[in-house]
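Given next are the chains, with one letter for each unit.
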Amino acid sequence: MPITLDHLNTAPLAEAAQMLDGLYEHSPWIAEAALAQRPFASLAALKHAMVRVLNEAGVEPQLALIRAHPELAGKAMVSQTLTAESTNEQSKAGLTHCTPKEFAHIQRLNGDYNARFGFPFILAVRGPRGTGLTKAQIIATFERRLHNPVDFERAECLRNIHRIAEIRLNDKFGFEPTQGHAVWDWHEDLARHTDPGYAELGQLTVTYLTDAHRACAAQLQRQMLELGFDEAHIDAVGNVVGRYHGHTPDAPSLITGSHYDTVRNGGKYDGRLGIFVPMACVQQLKQTGRRLPFAIEVVGFAEEEGQRYKATFLGSGALTGHFNPAWLDQQDADGVTMRAAMQHAGLPATLEAIGALQRDPSKYLGFVEVHIEQGPVLNELDLPLGIVTSINASVRYLGEVTGMASHAGTTPMDRRRDAACAVAELALYAEQRAASDGDSVATVGMLQVPNGSINVVPGRCSFSLDMRSPTDAQRDALERDILARLATICERRGVGHRAEETMRAAAAPSAPAWQARWEAAVSALGVPLYRLPSGAGHDAMKLHEVMPQAMLFVRGLNSGISHNPLESTSSDDMDLCVRAFSHLLEQLAAEHTLPT
């Protein structure tokens, strides 16, 4: 019989500890210490209690736990001395049936890994869906992590240990994150569509109005209707818009969603998570026959990334009335204008049709967006969800420093006018200045010496500068200081410089009432509250210009990497996200109950 949370909360300590036996390999002390925090409001609360116990234990107990784990396809497997839990996990991943070549390769990796780190490689081989990674995925992860710094890899092992414990705990309680599984599967299915040239390489790329992009839109529209939306259509810019009606035709609407286009060779969850999570919530409402005092409008925004055309936030900008008419004449790398691409896709490509998409804010309660974090913070804290306080303000520049190209062997060090060294000094100052300024960031992402040679002092160096901060004032101060330092550096070094602003975006702080609703939803799940700014831009930034908005972040795996094929999250975290979104809907329903 599965364990119940009520039984665990009320059982004598020894009995409760026995219920949790085997979660952490040969380390019952973790669960035993966590039980001191009973009663637990949810499985999520129990999971995080054990995370805290291990985090507070210190390095030596953490290393002892890591070393208590068997190697993958190692001696313990061969001698059949694995624990029952490890046997089950390695068997599901196919590691108990390796070919001689696979087994030899894994043994070499085990040896190299132990020699480098001094502990065994730990991987939650049942994976983010809980059904098991393939041997190829396991070996690729093994090879990649061999290059990590030691301290980072120790932390990565601990994160995988917590994921192993999470899956084992689900098994003990007979819990399946069914909503999370569904959302996970929807992402996999949508990722079938990818642009030519990338499909052949197994890479995900979906850019504006390509065949793959249009296939995604058609699939989302069809799926919305199958899940129970009352209507779904593709609008004049390619947004997929689904509506689930409220109690009455004149009910206000909650708008939500995110983008379904991707960067080149990107991940499966950036943007799309914010479409599928509310779709799962609408499915639940339809299955139970419920209508709320407001309509739910879910928008799969057609373009946010600016990959095919330089028209970032095209999809959400059309809804706020900020579509730039000049975009229609932009050409992609093949010389195809946006107007021609729209016409080919069957869209009207007229300013009148696009202008008609603008929403009347008075008819909307607000905008909420769910998004994968795209950063390492929640992953490092081992927290599934995070409350976004603000989307950072940003400003970008393209610049160039001009010095004097000269012979690298004959020009004394005190006679040089080295353009690249000036930019390198600027990059180091930008790093130091941003690091001392709370949640600010500054990046020199491009640094190029045109026609540079190994034996020539650089006479020119072009560079980019990206600066972001939680508030406009903080960004402006960062910008002033870095540009002033650029001028000082160049004057001291006797070189010229120019810097041209290419983009500026205001901060989008979360509306306090909407942020509070997300906080209440997360707290109701038993998950600790953690607030953080978003360093990346999102569609919510555009909707923020016309209505209140707030965002919820979901933890990413693999150090939270995004815009990368390694972008990932688990079905357990997706399940929590669906439940948080449902809770937010229930809060709104209670606030807008129709009068009797």
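Throughout this document, residue positions are counted from 1 along each chain, in the order its sequence is written. The predicted nature of this model means local features are confined to residues of pLDDT at least 70 and side-chain atom pairs, given and counted, to a pLDDT of 80 or more, with totals for whole chains, interfaces and linings taken over all residues. Each side-chain value is worked out from all heavy atoms of the structure, with water and hydrogens disregarded.

A. Seen up close, helix 11 (residues 178-190). To qualify as a helix, a DSSP run of H or I must reach at least 4 residues; to qualify as a strand, a run of E must reach at least 2; elements of each kind are numbered from the N terminus. By this rule the span expected of a helix is its residue count minus one, scaled by 1.5 Å. Taking 1.5 Å of rise per residue, the 13 residues of helix 11 would be expected to cover 18 Å, and the 19 Å separating its terminal C-alpha atoms lies within 8% of that figure. Note on exposure labels: buried denotes an accessible area under 20% of the residue type's maximum, exposed denotes more than 50%, and partly exposed covers the range between, all computed with a 1.4 Å probe on protein chains only. Where helix 11 is concerned, the buried positions are Q179, G180, H181, V183, W184, W186, H187 and L190.

B. Region of the structure containing unusual backbone geometry. Of the consecutive residues R38 and P39, the connecting peptide bond is found in the cis state with omega at 0°. Within the secondary structure, P39 is located in the loop between helix 3 (29-34) and helix 4 (43-57). Even without being glycine, L209 reaches a positive phi, approximately 65°. Position of L209 among the secondary structure elements: in the loop between helix 11 and helix 12 (211-227). Exposure remark for L209: the relative accessible area of 5% places this residue in the buried category. We note that S559 has phi near 65°; this positive angle belongs to a residue other than glycine. If you trace the backbone, S559 turns up in the loop between strand 16 (549-554) and helix 22 (571-591). By relative accessible area, which is 22% here, S559 ends up partly exposed.

C. Here's a closer look at the environment of R308. Looking at the secondary structure, you find R308 in the loop between strand 4 (295-301) and helix 14 (314-319). When the C-alpha atoms of R308 and L347 are compared, they prove to be 17 Å apart, with 39 residues separating the residues in sequence. Whether two residues are in contact is decided by their heavy atoms: any pair within 4.5 Å suffices. What R308 contacts, discounting residues up to four positions off in sequence, is T207, Y208, L209, T210, R264, D332, V336 and A341. Here a polar contact means two N or O atoms within 3.5 Å. Within protein one must be a hydrogen donor candidate and the other an acceptor candidate, and residues neighboring in sequence count only if both atoms are side-chain atoms. At 2.8 Å, the side chain of R308 forms a polar contact with the backbone oxygen of Y208. At 2.9 Å, the side chain of R308 forms a polar contact with the side chain of D332.

D. Seen up close, helix 13 (residues 273-287). Counted at 1.5 Å a residue, the expected span for helix 13 with its 15 residues is 21 Å, and the 21 Å between its end C-alpha atoms agrees. Counted residue by residue, helix 13 has 11 buried out of 15 residues, so it is predominantly covered. Here helix 13 has its buried residues at L273, G274, I275, F276, V277, P278, M279, A280, C281, V282 and L285. Just past helix 13, the residue G289 takes up positive phi, approximately 70°.

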